[in-house]
Amino acid sequence: MNSRSAFSTKRLRSPAGAAERNATFQYRLLRMLAANPVRTQNELAAELGSHGATVNAHLKILKDQGYIESGDYGHLDRFVRKCHYQVTPAGSQQCRTLGRAQRESKTQEMAALQAEATRVRAEINRLDAEITRLRAEVTSLRAELGIYPLSPRVGEGKAGAA
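Conventions we followed
- Residues numbered from 1 in each chain as written.
- Predicted model: local features only at pLDDT ≥ 70, side-chain atom pairs only at ≥ 80, totals over all residues.
- Heavy atoms only, no water.
- Helix = DSSP H or I, 4+ residues; strand = E, 2+ residues; numbered from the N terminus.
- Buried < 20%, exposed > 50% of the residue type's maximum accessible area, 1.4 Å probe, protein only.
- Contact = heavy atoms within 4.5 Å.
- Areas by Shrake-Rupley, 256 points an atom, 1.4 Å probe, with all protein chains shown as cover.
- Salt bridge = Lys/Arg side-chain N within 4 Å of Asp/Glu carboxyl O.

As a further point, take the overall build of the protein chain. Scanning the protein chain from N- to C-terminus turns up five helices and three strands. Reading the helices (α) and strands (β) of the protein chain from amino to carboxyl end gives α-α-β-α-α-β-β-α. Within the protein chain, buried positions represent 23% of all 162 residues. Once local pairs closer than 6 in sequence are excluded, the contacts in the protein chain between residues at least 24 apart make up 51%. A total of about 12100 Å² of accessible surface is found on the protein chain, and carbon and sulfur atoms cover 55% of it.

Below you can see the structure in the form of structure tokens.
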């Protein structure tokens, strides 16, 4: 492995949380290559919503790890070259492993969001009950003090009044 490839790998792993993002990206990339192995890196980047350099770095990592093999598919014209990226059996296994890990992660995330939604609903119900109690208390105090609701302002009366 040359120093440039090692540098790319190091940069991809350095930020916090990058390992999970990289795994998700590589999972999506492996699935795309399994579905259609003849693509340009720019086509892959456009479908993944990423930059060509990012796709290039991940393709190098996947190739170095033995998850894909690549071959030149030929030139479409003198500037565009498509490559054939074959997902290896190890790559298929890695794709399944990443898929299971992603599904587990999303399941845990969904459970946490559902628990948070339940907590928020309970808080909303508690606040609604408090508002109802306070409205009743205000109405009771107004009745005790002989204060009645103000009449509507000019122009806010009945719909037919002008």
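Okay, the pattern of salt bridges next. Summed over the entire model, instances satisfying the criterion amount to six salt bridges. Residues Lys-106 and Glu-109 are paired through a salt bridge, measuring 3.7 Å at the closest nitrogen-oxygen approach. In this pair, Lys-106 and Glu-109 are both assigned in helix α5 (residues 89-145), three residues apart and thus about one turn of the helix distant. Judged by relative accessible area, Lys-106 falls into the partly exposed class, the value being 46%. Its relative accessible area of 41% is what places Glu-109 among the partly exposed residues. Glu-137 is paired through a salt bridge with Arg-133; the nearest N and O atoms lie 2.9 Å apart. Of this pair, Glu-137 and Arg-133 are both found in helix α5, four residues apart, which corresponds to roughly one turn of the helix. On the basis of relative accessible area, Glu-137 is assigned to the partly exposed category, the value being 39%.

Before going further, it helps to spend a moment on the side chain of Thr-88. In this fold, Thr-88 is placed in the loop between β3 (81-87) and α5. What makes Thr-88 buried here is its relative accessible area of 9%. Discounting residues that sit within four places of it in the chain, Thr-88 has contacts with Gly-66, Tyr-67, Ile-68 and Glu-69.

None of this, on its own, says anything about what the molecule does.
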